[in-house]
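Notes for the structure review
The primary structure of each chain is shown beneath.
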Amino acid sequence: MITQIESRTTERKVKTTEQLTPITVAYGDGIGPEIMNATMKVLNAAGARLEYETVDIGEQVYLSGNTSGIGEETWTSLRKTKVFLKAPITTPQGGGYKSLNVTTRKVLGLYANVRPCVSYHPFVSTKHPVMNVVIVRENEEDLYGGIEHQQTDEVVQCLKLISRPGTEKIIRYAFEYARAYGRKKVSCFTKDNIMKMTDGLFHEVFNIVGKEYPEIEQEHRIIDIGAAMLAESPEKFDVIVLPNLYGDILSDIAAQITGSVGLAGSANIGDGIAMFEAIHGSAPDLAGQDKANPSGLMLAAVQMLVHLGQADVAEKIHNAWLRTIEDGVHTGDIYDSNVSSECVGTDSFADAVIARLGLAPDKFPVVKYAKDAPTITIKTTPTVPAVKELVGIDIFLYHSDRNPENLASLLKDIESAGIKLQMITNRGTKVWPNGFAETFCTDHWRCRFISDEPQGVSYQVIIDILQRLHNKRLNVIKTENLYTMNGKKMFSAGQGQ
Ligand code: NAD
């Protein structure tokens with residue numbers, strides 16, 4: 001339901017003669033209403049030229065029977081305003097509720113999640129005094145498709161989908177962002193030593209697109225060592241671009257090591273619509289106690305003002321916020337008697353920022369935003385369809401007999417002219433031919449049949465083989481066609497093959 005913001009916050013101080021930009025606002029759950037009230041107070045006091053449409057999303061919407069936690073009126077409002085300032089929400093446990101955040105990002109095409117993580121040493125205690133990292137997380141793909149299936153009694157799967165255009169968009173965004181905001185280096189983290197095709201594609205596109213930005217230093221690291229280095233020496237990094245899951249995890253780590261997860265805001269950018277939020281969740285442990293740090297949402301609102309071309313207001317709020325931090329006025333999560341002067345609640349922190357509007361920080365560099373927000377336009381390379389040749393099939397079976405030799409002799413019976421059993425794997429590891437007795441086997445088998453003809457096989461051969469499997473009462477869970485594209489094999493080998 002859309003309601004008027006005035007009922008929830010302090011009076012607006014915006015001059016009515018000014019052109020106001022409509023935005024959609026959600027107060028969320030847990031600490032959401034408190035940090036949003038604090039943020040709105042500051043926006044209004046700073047003279048943000050905004051008009052608010054407030055929507056209800058989250059826990060109550062889920063519990064009313066809407067499994068996505070977001071109603072039709074919210075989509076209508078978002079399509080109209082194209083800007084969303086959103087407090088964190090609580091996803092109820094169990095009951096098949098889909099993450100509202102993931103749904104919003106994906107449905108609205110908000111492909112780039114931009115999360116600046118900055119240290120405020122010496123005013124906020126941190127082991128990493130020199131840190132100013134922007135995490136650019138891909139937002140639409142990867143394991144966040146949430147495509148999961150229980151396949152056998154023992155095995156569940158989640159599909160990891162990485163697309164070339166999706167990857168190109170996020171990699172280009174990272175480089176364009178670096179160029180627009182004067183950043184010097186872009187790092188890319190993947191696990192392509194293991195996932196050679198999915199993460200390998202991300203890495204490959206990084207290498208290709210990176211050539212168009214020769215003035216920007218670029219590097220690729222395997223995610224595990226990259227994450228360890230980020231946690232140890234964040235000053236070595238500038239912009240980091242990552243696939244969705246790694247980006248989600250690393251941005252929380254990066255925010256936390258600046259001093260508190262409560263300090264970081266984020267922007268979710270799409271071609272036409274953008275959403276701004278704190279990176280943390282609804283912190284139910286702090287809800288209703290006036291203890292939460294509203295800084296993450298306030299800094300997200302600053303990113304939003306820059307996006308909307310209200311650089312003057314963004315600067316005013318950001319500089320007042322820095323001055324508040326410098327003056328030692330801190331919420332409990334960052335309060336440290338060695339550096340803080342006052343421990344305040346959520347609401348008083350907002351008052352402290354308001355009291356400093358118009359002041360600049362003394363020690364931190366003064367923030368200056370360009371009058372017009374840099375426009376980042378992303379184009380993707382058109383896809384040229386490859387010449388595809390069907391050369392075989394991976395057939396996934398449920399089979400409770402754990403002896404791969406027995407299964408192989410059943411499958412050898414159904415080979416035909418043109419297609420032969422090449423290998424059997426269990427959870428990716430080759431167990432036939434010449435498997436190891438030590439390999440632990442579940443009830444989930446991948447059986448690869450490959451064409452022995454140079455020209456590949458017809459789909460009819462695949463259908464016939466499935467028919468013969470059915471006749472033998474073997475349980476097919478799913479199949480995956482095996483192709484060559486432009487003459488190159490486009491499927492991975494079995495481990496140990
Ligand atoms: P969380 O981020 O809510 O809390 C993790 C820890 O950080 C808690 O100890 C909390 O007290 C602290 N914390 C978080 N924000 C803080 C702030 N502003 N000031 C001070 N301390 C703060 O993560 P969680 O506990 O894993 O998740 C709680 C709920 O939030 C879950 O329902 C989850 O689904 C949801 N969630 C929502 C979003 C979102 O809406 N964008 C993101 C993450 C989690």
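Counting of residues starts from 1 at the beginning of each chain's written sequence and follows it residue by residue. Local features in this predicted model are restricted to residues whose pLDDT is 70 or higher, and side-chain atom pairs enter the listing and the counts only when it is 80 or higher, whereas totals over whole chains, interfaces and linings include all residues. Values reported for side chains reflect all heavy atoms of the structure, with hydrogen atoms and water molecules removed beforehand.

The numbering of helices and of strands both runs from the N terminus, where a helix is a DSSP run of H or I of at least 4 residues and a strand a run of E of at least 2. A tally of regular secondary structure across the protein chain gives 13 helices and 21 strands. Structurally, the protein chain occupies a C-alpha span of about 80 × 50 × 45 Å along its principal axes. With a 1.4 Å probe rolled over the protein chains alone, any residue whose accessible area is under 20% of its type maximum counts as buried; one over 50% counts as exposed, and the rest are partly exposed. The buried share of the protein chain, taken over its 497 residues, is 53%. In what follows, residue pairs with any heavy atoms lying within 4.5 Å of each other are defined as contacts. If you take every contact in the protein chain between residues at least 6 apart in sequence, the share linking residues at least 24 apart comes to 77%. Of the roughly 22,300 Å² of accessible surface on the protein chain, a fraction of 53% belongs to carbon and sulfur atoms. We score Asp and Glu as negative and Lys and Arg as positive, and we do not count His or the chain ends. For the purpose of locating charges, the reference atoms are NZ of Lys, CZ of Arg, CG of Asp and CD of Glu. With 51 positive and 60 negative side-chain charges, the protein chain shows a separation of 4 Å between the mean positions of the two kinds. Surface accessibility in these figures is a Shrake-Rupley result with a 1.4 Å probe; residues are shielded only by whichever protein chains are displayed.

On to the packing of helix α5 (residues 164-180) against helix α6 (residues 198-210), then. The interhelical angle for the contact between α5 and α6, taken along N-to-C directions, is 50°, at an axis separation of 9 Å. The orientation of α5 with respect to α6, classified from their angle, is oblique. Handedness of the crossing formed by α5 with α6: right-handed. Between α5 and α6, the contacting residues are Arg 164, Thr 167, Glu 168, Ile 170, Ile 171, Arg 172 and Phe 175 on the first element and Leu 201, Phe 202, Glu 204, Val 205, Phe 206, Ile 208, Val 209 and Gly 210 on the second. In this classification, the charged set is Asp, Glu, Lys and Arg, the nonpolar set is Ala, Val, Leu, Ile, Met, Phe, Trp, Tyr, Cys and Pro, and all remaining amino acids, among them Gly, are polar. Looking at side-chain class alone, the contact of α5 with α6 contains nine nonpolar, two polar and four charged residues. Think of each axis as a best-fit line through the C-alpha atoms, taken over the contacting stretch in the case of a helix, with angles from 0 to 180 degrees between the N-to-C directions. Roughly parallel means an angle under 35 degrees; roughly antiparallel, over 145; roughly perpendicular, 65 to 115; everything else is oblique. Note on convention: the crossing is left-handed when the near helix lies turned anticlockwise from the far helix by less than a right angle, right-handed when the turn is clockwise.

This part is about the site of the ligand. The full set close to the ligand counts 20 residues, and Ile 89, Gly 281, Ala 283, Asp 285 and Asn 293 are the nearest of them. With respect to the ligand, the backbone of Thr 91 contributes an N or O atom lying 3.4 Å from an oxygen atom. Pairs of N or O atoms are called polar contacts if they sit within 3.5 Å, as long as, within protein, a hydrogen donor faces a hydrogen acceptor (for residues adjacent in sequence, only side-chain-to-side-chain pairs). Within the side chain of Glu 277, a nitrogen or oxygen atom sits 3.3 Å from a nitrogen atom of the ligand. When the free accessible area of the ligand is taken as 810 Å², the share hidden by the protein chains comes to 67%. Tallied by class, the residues present in the shell around the ligand amount to eight nonpolar, eight polar and four charged. Put simply, a residue is near a molecule or strand once any heavy atom of it comes within 4 Å of that molecule or strand.

We now examine the nonpolar core. Side-chain atoms within 4.5 Å link the members of a nonpolar core, which is a set of buried Ala, Val, Leu, Ile, Met, Phe, Trp, Tyr and Cys residues. Counting 78 residues, the largest nonpolar core has Leu 43, Leu 85, Val 241 and Trp 321 as the members making the most contacts within it. Among the elements that take part in this core, helix α9 (residues 295-307) stands out by supplying nine residues, more than any other. In contact with Trp 321, not counting residues within four places along its chain, are Tyr 120, Leu 263, Ser 295, Met 298, Leu 299, Phe 349 and Val 353. In terms of nonpolar packing, the next biggest core, distinct from the first, is built from 23 residues, Leu 397, Ile 424, Ile 462 and Leu 474 among them.

A separate point is unusual backbone geometry. Here the residue pair His 121 and Pro 122 is connected by a cis peptide bond, since its omega of 0° sits within 30 degrees of zero. The omega angle of the peptide bond from Trp 432 to Pro 433 is -5°, so this bond is cis rather than trans. With respect to the helices and strands, Pro 433 occurs in the loop between β18 (429-432) and β19 (444-451). Residues other than glycine seldom take positive phi values, yet Lys 82 does so here, at roughly 70°. Here Lys 82 shows up in the loop between α3 (72-81) and β4 (83-86). Owing to a relative accessible area of 38%, Lys 82 belongs among the partly exposed residues under this scheme. Positive phi is not limited to glycine here, since Asn 486 has a value of about 50°. Its location among the elements puts Asn 486 in the loop between β20 (475-485) and β21 (488-489). Overall, Asn 486 belongs to the exposed group, its relative accessible area being 56%.

Looking now at the environment of Asn 101. You can see Asn 101 is positioned in helix α4 (residues 100-107). Spatially, the C-alpha atoms of Asn 101 and Gly 30 are 15 Å apart, while their sequence positions differ by 71 residues. For Asn 101, the side chain forms a polar contact with the side chain of Lys 86, separated by 2.7 Å.

Salt bridges are counted wherever a side-chain nitrogen of Lys or Arg sits within 4 Å of a carboxyl oxygen of Asp or Glu. Taken as a whole, this structure holds 29 salt bridges when the rule is applied. Residues Arg 172 and Glu 212 are paired through a salt bridge, measuring 2.8 Å at the closest nitrogen-oxygen approach. Separated by 40 residues along the polypeptide, Arg 172 in helix α5 and Glu 212 in the loop between α6 and β10 (217-222) bring together distant segments of the chain. Judged by relative accessible area, which is 42%, Glu 212 ranks as partly exposed. Linked through salt bridges whose partners overlap, the residues forming this network are Lys 41, Asp 347 and Asp 351.

Along the chain, Thr 167 falls in helix α5. Relative accessible area serves as the criterion here: at 1%, Thr 167 is assigned to the buried category.

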